Amino acid sequence: MTEREYNACVDAHADGVYRFILKSLRHAEDSRDIVQSAFEKMWKNRNAVINETAKSYLFTVAYHQMIDHIRKNKKIQLKDEFAEDAGIEAPIYPGAKRDLDLALQQLTPLQKSLVLLKDYEGYTYEEIGKITELNASQVKVYLHRARLILRAFVGNPHNII
Amino acid sequence: MIDNNNEDKLDQLPSFKPDLNIVYPNKKELYRREAVRPFFSINRLVAAAALMLTAGIIWWLSAEQDPQKQVAAVGSNPTNHADEINTIPKIQQDTVVLKSSVAKKNALTRKVTQENPIVVANPESLASNNTQEIPPYQEVVQQEIVGIQAEQPKSNFSEEALQAAAEAVVKDVAVKPRSLEEKSENYIPLANERGRKKPFRGLIRALSRTILGEGESLGDENIIRVANFKIPVSN
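The number of helices and strands found in chain A is nine helices and zero strands. Across chain A, helices and strands are ordered from the amino to the carboxyl terminus as α-α-α-α-α-α-α-α-α. Among the 161 residues that make up chain A, the fraction classed as buried is 42%. Intrachain contacts of chain A at a sequence separation of at least 6 include 66% that bridge at least 24 residues. Working note: accessible area of chain A is about 8900 Å², and carbon and sulfur atoms make up 52% of it.

Right under this line is the structure:
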């Protein structure tokens, strides 16, 4: 990968990676750090990265860094959840979009990543499997379970209200 | 496992669409530019300076050895300096005599012979000669008088005048028993008198001796000894 290809990759995929991480973490600063680290790693390994697979490489690196970040900051996340339960107001979104965002938070990090990679980036099961180190069948199963959870959450009138 | 029929049902389940309003805030910090290596880098300049310094030292050392070659040329081809040799009234064996000192008749004397100024000798004899004591002041004066009388054609000067002249000549020379190192210290300035004087020559000479291995013994080879220099000569 040349310098020009790398900078083109920044233009093409920086927003997508940032969106994916931000939706998963729901923390803008941490998401920026993870995206920056992912691009930094790709720049260091640019001689080994092929331009055609740069996007997949970028999402893979970002995904693994996000998982590491979640593991490290588990306690902090628990405190945030406690704060929400304590009555701190969450951002209000209109209509179905807000419901889906609320439903997304019910998923595990892996399920959340699978849904976002599939819906946001349009990856195939095989590509998602490469990023998350699963096989295609596992991706299908986990994704199906995630969607069932989403439907159950959105379909429940108590959750919507 | 999920079969193909169930995949159709998956499409009916809730799905997400990307929010295009979410963009990475500071994309400029992600751009990179490869560092261009300047041609005149510090490392290259340092390497060039070291190379030039080494070449300069080698050139200096080689130039430092020129006086030896010059003295050796006198011995091998006396006709080149015939005028210098002819002006010496009496050249003595194992004696260092330079042009300026010849003019003053300054000489460091050990033995008096009528032979060539430069002789072929082996290291053992040279070592024994170096350990010999130099005769005291009065003997040197007498030898000078004898030498002058024997060499010079008869003149109008009286013996008292010749003696006074000989004493004046010998006064300039500090004659006392010395060790081999002390003698060498006197020889080196005399030998270098013809050449140009350079700073740090003592350091450079020590380096050249170390590098060229001048301190090593020459074995059984015959050498010509001129001043402080040993010049190997083939039979």
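All names here are of chain B. In terms of residue burial, strand S2 (residues 222-226) counts as a mostly covered element, since four of its five residues are buried. One ladder, built from five bridges, connects S2 with strand S3 (residues 229-233); its direction is antiparallel. Residue pairing for S3: Ile224 is matched across the bridge by Ile231. Linking S2 to S3, which pair antiparallel, is a turn of two residues; within it Ala227 sits at a positive phi near 55 degrees.

It is worth spelling out helix H1 (residues 3-25) of chain A at this point. Considering bend angle alone, the principal kink of H1(A) is centred on A:His13 and spans about 50 degrees. Looking one or two places after H1(A), you find A:Arg26, whose phi comes out positive at around 60 degrees.

Moving on, we get to the nonpolar core. The biggest cluster of nonpolar side chains holds 50 residues, and the ones touching the most others in it are A:Phe20, A:Ile21, A:Val35, A:Phe39, A:Met42, A:Met66 and A:Val115. Here this core spans two domains, since at least three of its residues come from each of domain 1 (1-90) and domain 2 (92-161) of chain A.

Right, let's talk about the packing of H1(A) against helix H3 (residues 54-72) of chain A for a bit. Residues and elements named next belong to chain A. Orientation of H1 relative to H3, taken along the N-to-C sense of each, is 30 degrees, at an axis distance of 10 Å. Compared by their axis directions, H1 and H3 come out roughly parallel. With respect to the hand of their crossing, H1 and H3 are arranged in right-handed fashion. Counting all contacts with H1, which are made through Cys9, His13, Gly16, Val17, Phe20, Ile21, Ser24 and Leu25, the residues of H3 involved are Ala54, Lys55, Leu58, Phe59, Ala62, Tyr63, Met66, His69 and Ile70. Here the residues of the contact of H1 with H3 sort into 12 nonpolar, four polar and one charged.

Turning next to the interface of chain B and chain A. Contacts between the two partners involve 23 residues from chain B, matched on the other side by 34 residues from chain A. In this assembly, chain B packs against chain A so that about 3000 Å² is buried in total across both faces, 64% of it on carbon and sulfur atoms. The three residues of chain B that bury the most area against chain A are B:Phe16, B:Tyr24 and B:Arg32, which together make up 27% of that side's buried surface. Viewed at the interface, chain A and chain B are joined by two salt bridges. The residue A:Asp15 makes a salt bridge to B:Lys27 at a minimum N-O spacing of 3.2 Å. Applying the counting rule to chain B against chain A returns eight residue pairs in polar contact (both at pLDDT 80 or more). Across the side of chain B that touches chain A, the residue classes break down as 14 nonpolar, one polar and eight charged.

Let us now look at the side chain of A:Gln111. Inspection of the secondary structure assignment puts A:Gln111 in helix H6 (residues 109-119). Apart from the residues within four sequence positions on either side, A:Gln111 is in contact with A:Tyr142, A:Arg145, A:Ala146 and A:Ile149.

On to the environment of A:Tyr18, then. With respect to the helices, strands and loops of the structure, A:Tyr18 is situated in helix H1. The class for A:Tyr18 is buried, based on a relative accessible area of 5%. For the pair A:Tyr18 and A:Asp33, spaced 15 residues apart in sequence, the C-alpha separation works out to 9.7 Å. With sequence-adjacent residues up to four places away left out, A:Tyr18 is seen in contact with A:Ala28, A:Ser31, A:Arg32, A:Val35, B:Ile22, B:Val23, B:Tyr24 and B:Pro25.

Residues and elements named next belong to chain B. Inspection of the secondary structure puts Ile58 in helix H2 (residues 42-64). For Ile58, a relative accessible area of 54% corresponds to the exposed category. When the C-alpha atoms of Ile58 and Ser208 are compared, they prove to be 9.2 Å apart, with 150 residues separating the residues in sequence.

Evaluation of the coordinates by the stated rule reveals five aromatic pairs over all chains. Taking the centre distance of 5.4 Å and the plane angle of 90 degrees together, the rings of A:Tyr18 and B:Tyr24 count as edge-to-face. Taken together, the residues A:Tyr18 in helix H1 and B:Tyr24 in the loop between helix H1 (4-12) and H2 connect one chain to another. Aromatic ring contacts, followed pair by pair, group A:Tyr6, A:Phe39 and A:Trp43 into a single cluster. Here the guanidinium or amino end of A:Arg46 rests over the ring plane of A:Trp43, the centre of that ring lying 3.8 Å away. For A:Lys55, the ring lying beneath its charged end belongs to A:Tyr123, and the centroid distance is 5.0 Å.

This next bit is on the confidence of the model for chain A. For chain A, the mean per-residue pLDDT works out to 81, and 82% of the residues sit at or above 70. Long-range and interchain partners of residues 85-92 of chain A, a stretch whose pLDDT sits below 50, account for one contact in this model, where long-range means more than four residues apart.

Definitions and cut-offs
Residues numbered from 1 in each chain as written. Chains lettered and ligands numbered in written order. Predicted model: local features only at pLDDT ≥ 70, side-chain atom pairs only at ≥ 80, totals over all residues. Heavy atoms only, no water. Helix = DSSP H or I, 4+ residues; strand = E, 2+ residues; numbered from the N terminus. Buried < 20%, exposed > 50% of the residue type's maximum accessible area, 1.4 Å probe, protein only. Contact = heavy atoms within 4.5 Å. Areas by Shrake-Rupley, 256 points an atom, 1.4 Å probe, with all protein chains shown as cover. Pairing = 2+ DSSP bridges. Bend = angle between axes of the 7 residues up to and from the residue. Core = buried A, V, L, I, M, F, W, Y, C linked by side-chain atoms within 4.5 Å. Domains from an automatic or database assignment. Axes fitted to C-alpha atoms, helices over the stretch in contact; angles between N-to-C directions. Parallel < 35°, antiparallel > 145°, perpendicular 65-115°, else oblique. Left-handed = near helix turned anticlockwise from the far one by under 90°. Nonpolar A, V, L, I, M, F, W, Y, C, P; charged D, E, K, R; others polar. Buried area = accessible area lost by both parts, 1.4 Å probe. Salt bridge = Lys/Arg side-chain N within 4 Å of Asp/Glu carboxyl O. Polar contact = N/O pair within 3.5 Å; in protein donor to acceptor, adjacent residues only side chain to side chain. Phe/Tyr/Trp six-rings, centres within 6.5 Å; stacked < 30°, edge-to-face > 60°. Lys NZ or Arg CZ within 6 Å of the ring centre and 35° of its normal. pLDDT = per-residue confidence, 0-100.

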